[in-house]
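# Observations on the model geometry
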Amino acid sequence: MDPDDTTDPIAHAHVADPTNGQDDLAQFFAEQNDTDGSETLDDERHIGARLAEARSAAGFTQREIADRIGVKESTIAKWETGDTSPRGHRVSKLAGVLGVSISWILMGRGVEPNGGGSDIERIRADLDSVRARLDDVVNELAVLDQRLASVDD
């Protein structure tokens, strides 16, 4: 199993969303608490269908998305078919690259795909993706620095 996959996409929904989807998430969970329990969260197949829709609307191939967020193309395919679901940090990256909100990916509410968007929107999405990858690299560097310091002692 790919370490980037999980069957519990909601467990990581606390990830910061540059499109302010956290308000959508809070509203959704408040609505869930007000129901009689008959309404359930979207399953992996619905999440996968929304990922495929957003990717298509943005004009990306599975390979391009995989390269942008740092996973295998087969992982994207598994997410889109609903075999597995992305973890929270990947959902955040996907939202940035695809120009949708985290809450839209997870629950179908919030900022939806806009059919490719303008050049400036795609540039912003690219910047978000690069920033997310840079954050990952900075975190890896910090861990390596700590490991090196513990070996030097």
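Keep in mind it's a predicted model, so treat the numbers as computed, not measured.

### A few points about the nonpolar core
Ranked by size, the top nonpolar core spans 22 residues in total, and within it I65, I69, L94, L98 and I105 carry the most contacts. Among the secondary structure elements, those contributing two or more residues to this core are α2 (44–58), α3 (62–69), α4 (73–81), α5 (88–98) and α6 (102–107). Those residues within four positions of I65 in sequence are excluded, and the remaining contacts are R55, F60, I76, L94, V97 and L98.

### Let's talk about α5
Here α5 lies mainly inside the structure; 10 of its 11 residues are buried. Along α5, the residues classified as buried are G88, R90, V91, S92, K93, L94, A95, G96, V97 and L98. Looking one or two places after α5, you find G99, whose phi comes out positive at around 70 degrees.

### Quick word on the environment of P86
By the secondary structure assignment, P86 is in strand β2 (residues 85–86). Residues P86 and G48, 38 residues apart in the sequence, show an inter-C-alpha distance of 9.3 Å.

### Considerations on the pattern of salt bridges
Taken as a whole and assessed by the stated rule, the structure comprises 3 salt bridges. Its salt-bridge partner being R55, residue E80 comes within 2.5 Å of it at the nearest N-O pair. One end of the pair, E80, is in helix α4; the other, R55, is in helix α2, with 25 residues separating them in the sequence. For E80, a relative accessible area of 13% corresponds to the buried category. Relative accessible area serves as the criterion here: at 16%, R55 is assigned to the buried category.

### Quick notes on the environment of P113
With respect to the secondary-structure elements, P113 resides in the loop between α6 and α7 (119–152). Residue classification places P113 among the buried residues on the basis of a relative accessible area of 19%. Taking the C-alpha atoms as reference points, P113 and S101, separated by 12 residues in sequence, lie 8.9 Å from one another. When sequence neighbours within four positions are dropped, the list of residues in contact with P113 reads E53, A54, A57, V100 and W104.

### Considering the packing of α3 against α4
Between α3 and α4, whose axes approach to 8 Å, the crossing angle comes to 110 degrees. Our classification of the angle between α3 and α4 gives roughly perpendicular. As for how α3 packs across α4, the hand of that crossing is right-handed. Note on element contacts: α4 touches α3 through E73, I76, A77, W79 and E80, opposite Q62, R63, I65, A66 and I69. For the contact of α3 with α4, a count of residues per class yields 6 nonpolar, 1 polar and 3 charged.

### Thoughts on the confidence of the model for the protein
Across the protein, the average pLDDT comes to 74, with 64% of residues at 70 or higher. Ranking the elements of the protein by mean pLDDT puts strand β1 (residues 5–6) last with 48 and α4 first with 94. This stretch, residues 5–22, has a pLDDT under 50; its non-local contacts, to residues over four places away or in other chains, come to 42 contacts. Taken together, the stretch residues 32–41 has pLDDT below 50 and engages in 7 contacts with residues farther than four places along the chain or on a different chain.

### Quick look at α3
Buried residues of α3: I65, A66 and I69, and no others. Take α3 and look down its axis: the buried residues cluster within an arc of 100 degrees, on one side only. Positive phi shows up at G70, right after α3, with a value of about 80 degrees.

Here is what the cut-offs are and how they apply
Residues numbered from 1 in each chain as written. Predicted model: local features only at pLDDT ≥ 70, side-chain atom pairs only at ≥ 80, totals over all residues. Heavy atoms only, no water. Core = buried A, V, L, I, M, F, W, Y, C linked by side-chain atoms within 4.5 Å. Buried < 20%, exposed > 50% of the residue type's maximum accessible area, 1.4 Å probe, protein only. Helix = DSSP H or I, 4+ residues; strand = E, 2+ residues; numbered from the N terminus. Contact = heavy atoms within 4.5 Å. Salt bridge = Lys/Arg side-chain N within 4 Å of Asp/Glu carboxyl O. Axes fitted to C-alpha atoms, helices over the stretch in contact; angles between N-to-C directions. Parallel < 35°, antiparallel > 145°, perpendicular 65-115°, else oblique. Left-handed = near helix turned anticlockwise from the far one by under 90°. Nonpolar A, V, L, I, M, F, W, Y, C, P; charged D, E, K, R; others polar. pLDDT = per-residue confidence, 0-100. Arc of directions from axis to C-beta.

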